Amino acid sequence: VLIMDSVAGQVIDWTVVGKLKDWIAQMKRRREDVDLDTNLIAAGVLDSLEVVNFLLYIEELRGAEIPEHLIQPNNFTSLRTIHDVFLRTDENSHQN
């Protein structure tokens, strides 16, 4: 389900965002209060080991490995950042 995000003025694939939230809930064994802009590390949603596992799940969702130059902490700060950098479905998708 693609919906225009009124805050950022971009299209968000809420199906993909839902899958990311479900993964976090399964890993934590509870539903975290996570929105698109929650800082996943600073808020304690994910620890360093969970980030590595999350990266592997993101690769599974995108159907391709994440290039090394994109594996930077600032690319994993929020669901919005992860969506924009790794999972966008527009013409810029996976061109990184």
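Residues numbered from 1 in each chain as written. Predicted model: local features only at pLDDT ≥ 70, side-chain atom pairs only at ≥ 80, totals over all residues. Heavy atoms only, no water.

**Overview of the overall build of the chain**
Of regular secondary structure, the chain possesses three helices and two strands. Scanning the chain from its N terminus toward the C terminus, one meets helices and strands in the order β-β-α-α-α. Per-residue burial over the chain gives 41% buried out of 96 residues. A sequence separation of at least 24 residues applies to 49% of the contacts in the chain between residues at least 6 apart. Element-wise, carbon and sulfur atoms account for 51% of the exposed surface of the chain, whose accessible area totals about 5800 Å². (Helix = DSSP H or I, 4+ residues; strand = E, 2+ residues; numbered from the N terminus. Buried < 20%, exposed > 50% of the residue type's maximum accessible area, 1.4 Å probe, protein only. Contact = heavy atoms within 4.5 Å. Areas by Shrake-Rupley, 256 points an atom, 1.4 Å probe, with all protein chains shown as cover.)

**Description of the pattern of salt bridges**
Close approach of charged atoms allows side chains with opposite charge to pair. Scanning the entire structure with this criterion turns up one salt bridge. Here Arg80 and Asp37 are joined by a salt bridge, their closest N and O atoms 2.6 Å apart. Placement of the pair is Arg80 in helix H3 (residues 79-87) and Asp37 in the loop between helix H1 (14-28) and helix H2 (48-62), with a sequence separation of 43 residues. (Salt bridge = Lys/Arg side-chain N within 4 Å of Asp/Glu carboxyl O.)

**Notes on the nonpolar core**
Nonpolar side chains tend toward joint burial in soluble globular proteins. By size, the foremost hydrophobic cluster in this structure holds 24 residues, and its most contacted members are Leu40, Phe54, Ile58, Leu79, Ile82 and Phe86. With sequence-adjacent residues up to four places away left out, Leu79 is seen in contact with Val17, Leu20, Lys21, Ile24, Val34, Asp35, Leu36, Leu40 and Phe54. (Core = buried A, V, L, I, M, F, W, Y, C linked by side-chain atoms within 4.5 Å.)

**Quick word on the side chain of Thr38**
Position of Thr38 among the secondary structure elements: in the loop between H1 and H2. Those residues within four positions of Thr38 in sequence are excluded, and the remaining contacts are Asp33, Ala43, Val45, Thr77 and Ser78.

**Notes on the environment of Arg62**
Relative to the assigned elements, Arg62 resides in helix H2. A polar atom in the side chain of Arg62 sits 3.3 Å from the backbone oxygen of Ala64. (Polar contact = N/O pair within 3.5 Å; in protein donor to acceptor, adjacent residues only side chain to side chain.)

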